[in-house]
Amino acid sequence: GIFEQFAELGADVTCKTQVAFLEVYNEQIRDLLAAKDDKAQKLEVKQHPVLGTFIPGLTEAAVGSCEEVFKLIDYGTQMRCVSATAMNSASSRSH
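What you are looking at is a predicted structure, and each value in this text was computed from that prediction instead of being measured. (Residues numbered from 1 in each chain as written. Predicted model: local features only at pLDDT ≥ 70, side-chain atom pairs only at ≥ 80, totals over all residues. Heavy atoms only, no water.)

Trainee: Provide a residue-level description of the overall build of the chain, including the pertinent values.
Mentor: A tally of helices and strands in the chain yields 2 helices and 8 strands. Mapped in sequence order, the helices and strands of the chain form the string α-β-β-β-β-β-β-α-β-β. Per-residue burial for the chain yields a buried fraction of 22% across its 95 residues. The contacts of the chain with a sequence gap of at least 6 include a subset with a gap of at least 24, amounting to 49%. Accessible surface, the chain: about 7,300 Å² in total, of which carbon and sulfur atoms supply 53%. (Helix = DSSP H or I, 4+ residues; strand = E, 2+ residues; numbered from the N terminus. Buried < 20%, exposed > 50% of the residue type's maximum accessible area, 1.4 Å probe, protein only. Contact = heavy atoms within 4.5 Å. Areas by Shrake-Rupley, 256 points an atom, 1.4 Å probe, with all protein chains shown as cover.)

Here it is in structure tokens:
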């Protein structure tokens with residue numbers, strides 16, 4: 001995997017891996033990695049001539065292993081907006 005490849009790189013190479021997780025719900029961007037007690041900050045997609053597309057204020061968590069990535073995915077998945085429908089008891093409310 002990617003983290004194993006990073007480990008094989010020379011000592012003169014520095015790698016940084018970050019994870020962000022969001023959903024778009026009712027035309028609003030929700031940060032799924034923000035702490036549950038954090039006040040919801042209005043997030044907007046921005047364009048930068050050099051950096052490209054980015055979202056200021058979106059939580060970016062540093063990770064060093066696949067296990068850390070999976071833990072963040074699990075946490076973010078629990079934070080998603082879901083509600084029961086006639087067809088699905090845990091239907092996603094986002095797209």
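Once you've had a look at it, read on.
Trainee: A description of unusual backbone geometry should follow, citing residues and the corresponding values.
Mentor: Positioned with a positive phi, N26 is a non-glycine residue whose angle comes to about 50°. Mapping N26 onto the fold places it in the loop between β2 (22-25) and β3 (28-31). Given a relative accessible area of 60%, N26 falls into the exposed group.

Trainee: Break down the environment of K36 for me, with residues and values.
Mentor: Along the polypeptide, K36 turns up in the loop between β3 and β4 (46-48). Separated by 43 residues in the primary sequence, K36 and M79 have C-alpha atoms spaced 8.1 Å apart. Once residues within four sequence positions are removed from consideration, K36 is found in contact with Y75 and M79.

Trainee: Would you mind going over helix α2 (residues 66-79) in detail, with residue names and values included?
Mentor: Its 14 residues place the ends of α2 20 Å apart at the C-alpha level, agreeing with the 20 Å of an ideal helix rising 1.5 Å per residue. Every buried residue of α2 is listed here: V69, L72, G76 and M79. With its buried residues spanning 80° around the axis, α2 presents them on a single face. Residues of α2 that are exposed and angled more than 90 degrees away from the buried face: E67, F70, K71 and Q78. (Expected span 1.5 Å × (residues − 1). Arc of directions from axis to C-beta.)

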